[in-house]
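Notes for the structure review
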Amino acid sequence: TVESVLGKGSCFTFTFEAKPSQQGETRLEVTAPIPVGLEPSAGGIKVLIVDDVETNREVLEALLSPLGFEIRLASSGAEALLEHDAWLPELLLVDIRMPDLDGLELIRRVRAQGSTVAIVAVSASAFPDDREDALAVGADEFFAKPYSEGDVFAKISEVLPTIAFVYSDEGTSTR
């Protein structure tokens, strides 16, 4: 059902049927812990976030900036290529689907220049072929949107193995 009031908004309601899980079947989702900062010795790690959708760039920036990452944003593959060459980030978070120069072509060009920057491909499409295509052109890792905060930090840890995060509940850092 839909209830809508002009100038105030809309409320959408739906119902669906789901069958119960099989006997003994349980699903436990474990998410990676969320850090509160970078180990001070890590210094500012430079991250270039590339996405044609402003909100997507802002979400990742809001997630990473408070921890001490140095962030720059690019709204296209062409802009990102220029920014990469001028700034030399340690990490690229690259959306795969963009107009003009898409993420796969951006990754190809960065790798063709001999860059060893860590690259994580990001996509709203989570088909196995998308991951395989991204890795084939030179991405180090891949994650699909929507993603959890913990998953983002886990992927960053994978592609930047020397990074050390600080976690509030432990007061410790991990690499």
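Right, let's walk through the structure included here. Everything numeric here is computed off the predicted structure, so don't read it as measured data.

Another aspect to go through is the overall build of the protein. Secondary structure summary: the protein contains 5 helices and 10 strands in total. Counting the 175 residues in the protein, one finds 39% classified as buried. Sequence separation of at least 24 residues holds for 58% of the intrachain contacts in the protein that already meet a minimum separation of 6.

Our next topic: helix α4 (residues 128-137). When we look at burial in α4, the residues that qualify are Asp130, Ala134 and Val137. The buried residues of α4 occupy an angular sector of 75° when projected down its axis, which confines them to one face. Away from its buried face, by an angle of more than 90 degrees, α4 presents the exposed residues Pro128, Asp129, Glu132 and Ala136. The elements touched by buried residues of α4 are α3 (103-112), β7 (118-123) and β8 (141-144). Looking at the residues trailing α4, positive phi occurs at Gly138, about 125°.

Mapped onto the elements of the fold, Ala118 is located in strand β7. As a C-alpha pair, Ala118 and Leu91 span 27 residues in sequence and 4.7 Å in three-dimensional space. Among all residues touching Ala118, those that are not within four sequence positions of it are Glu90, Leu91, Leu92, Asp140, Val159 and Leu160.

We now examine the packing of aromatic side chains. Counting across every chain of the model gives 4 aromatic pairs. Note on Phe69 and Phe165: the rings are 6.3 Å apart at their centroids and 55° apart in plane angle, and the pair reads as tilted. You can see Phe69 sitting in the loop between α1 (54-64) and β5 (70-74) and its partner Phe165 sitting in strand β9 (residues 165-167), a full 96 residues away along the chain. Judged by relative accessible area, which is 1%, Phe165 ranks as buried.

Quick notes on the rules
Residues numbered from 1 in each chain as written. Predicted model: local features only at pLDDT ≥ 70, side-chain atom pairs only at ≥ 80, totals over all residues. Heavy atoms only, no water. Helix = DSSP H or I, 4+ residues; strand = E, 2+ residues; numbered from the N terminus. Buried < 20%, exposed > 50% of the residue type's maximum accessible area, 1.4 Å probe, protein only. Contact = heavy atoms within 4.5 Å. Arc of directions from axis to C-beta. Phe/Tyr/Trp six-rings, centres within 6.5 Å; stacked < 30°, edge-to-face > 60°.

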